[in-house]
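These are the residues of each chain, in order.
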Amino acid sequence: MRISIKLKGLLLGVVVLFVGLSAVLLTQLRVRASGYDELLQNPVRQADLARVAQVDFKKQVQEWKDILLRGHTPEDLAKYQKQFHEREAQVQEHAAALGSAVEDGESKRLLTEFSEAHKVLSAKYQAAFDAYIQGNFDFKAADKMVRGQDRPPTDLFDKVVARLDARVHEAVEAQRMSVAHHRNLALTIVGGLLVLLVALGFTVVHSITSRLARLKAVSDRLARADVDGLSIDISGRDEVGEFGESLRGVHAAIKELSTLAAGQASAAS
Amino acid sequence: MAAKLVGFYDVLGKELGLMARMKLALLTKISSSDAMSAPDSPANIQLFEKSVTMIRKELGKA
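What counts as what
Residues numbered from 1 in each chain as written. Chains lettered and ligands numbered in written order. Predicted model: local features only at pLDDT ≥ 70, side-chain atom pairs only at ≥ 80, totals over all residues. Helix = DSSP H or I, 4+ residues; strand = E, 2+ residues; numbered from the N terminus. Buried ≥ 20, exposed ≤ 12 C-beta atoms within 10 Å, placed from the backbone. Contact = placed C-beta atoms within 7 Å. Core = buried A, V, L, I, M, F, W, Y, C linked by C-beta atoms within 7 Å. Nonpolar A, V, L, I, M, F, W, Y, C, P; charged D, E, K, R; others polar. pLDDT = per-residue confidence, 0-100.

K.L.:
Quick rundown of the overall build of chain B? Include the residues and the values.
P.N.:
Scanning chain B from terminus to terminus reveals four helices and zero strands. Ordering the α and β elements of chain B from the N terminus gives α-α-α-α. Relative to its full complement of 62 residues, chain B shows a buried share of 31%. Sequence-distant contacts in chain B: of pairs separated by 6 or more residues, those separated by 24 or more amount to 66%.

K.L.:
Residues and numbers for the nonpolar core, please.
P.N.:
Among the nonpolar cores identified, the biggest contains 16 residues, and Phe8, Leu12, Leu24, Ala25 and Val52 of chain B are the most heavily contacted of them. Broken down by secondary-structure element, the contributors of at least two residues to this core are α6 (239–268) of chain A together with α1 (3–16), α2 (18–28) and α4 (42–58) of chain B. In contact with Phe8 of chain B, not counting residues within four places along its chain, are Leu24, Phe48 and Val52 of chain B. Leu110, Phe114, Leu156 and Phe157 of chain A belong to the second largest nonpolar core, which has 15 residues in total.

K.L.:
Which residues make up the interface of chain B and chain A, and what values do they have?
P.N.:
Chain B puts 13 residues into the contact, and the matching count from chain A is 10 residues. Of all the secondary structure elements, the ones that give two or more residues to the side of chain B that touches chain A are α2 and α3 (32–37) of chain B. When residues of the side of chain B that touches chain A are assigned to their parent elements, the largest contribution, seven residues, is made by α2 of chain B. Class assignment of the residues belonging to the side of chain B that touches chain A gives a composition of six nonpolar, four polar and three charged.

K.L.:
For the confidence of the model for chain B, give the residues involved together with the corresponding values.
P.N.:
Residue and element names in this part refer to chain B. With 92% of its residues at a pLDDT of 70 or more, chain B shows a mean pLDDT of 89. For chain B, per-element mean pLDDT is lowest for α3, which scores 90, and highest for α4, which scores 94. For this predicted complex, the interface confidence comes out at an ipTM of 0.88, alongside a pTM of 0.61.

Below, the structure is given as structure tokens:
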């Protein structure tokens, strides 16, 4: 095969390899990025939503305490009562949204249980509120009716948050493992192809340079007209082989010239 | 001994001189001394005939 074709083939191989690897790496990058998007869209978002609902519930309980401690004027009472009911509605809304979003069966069950417990608690808060009004703002009696009642729903929601956090950690770990696996695979393939390419390139270059070195040695001897015992065994169907073939002609011509010169010298003597 | 191949050198040398013998060696890649030991094979004879024709044409005595 001609040297120009070999070198062009090698260059083409490098380009094809580079383009192919770039395409594979870009595809992998897109797949990994979508994996992280998926992670952010589902487990992370659900855990965030759970924490928001958890904080809403804590604020609702705080609003109840504000009613008891600061709701002694009609204006304050109306204000804190309104805020309390807003928080109550937000808790229900966020818990329902989270319940429909989560895939984990146990989390779903805990959320349903929480919603039921929260509704029961709301009824108790309403009864305590009525007692508070009828008892001429007797906050002690009202507080006694609901004291500690928010603990069971709080515990249920803490469990939901803990489960969703655990799922986030699992998903992050799975994604990390997947990335590490694909990174190692890519490094192995790229490394293997690089070694193959280097070996192929070295073989091609060595085959050319070693024959060029022999050609140079022959050329040096012909330049000195040192043709005695010279054998030109450089063959092949490439440029080096063609050059070797030309040098065989030059070698024969120099030999012919030497023979004629020797003949004339002996005739003269 | 390849008498026919050596004969090409003798004839061409007498006809066209030293330059023609050198050109024959260049084209055939076989000098007259090597021609003595080279076989008178049909391929060699054909190569010499073709080369001689070219040299005669080039040197103006075809």
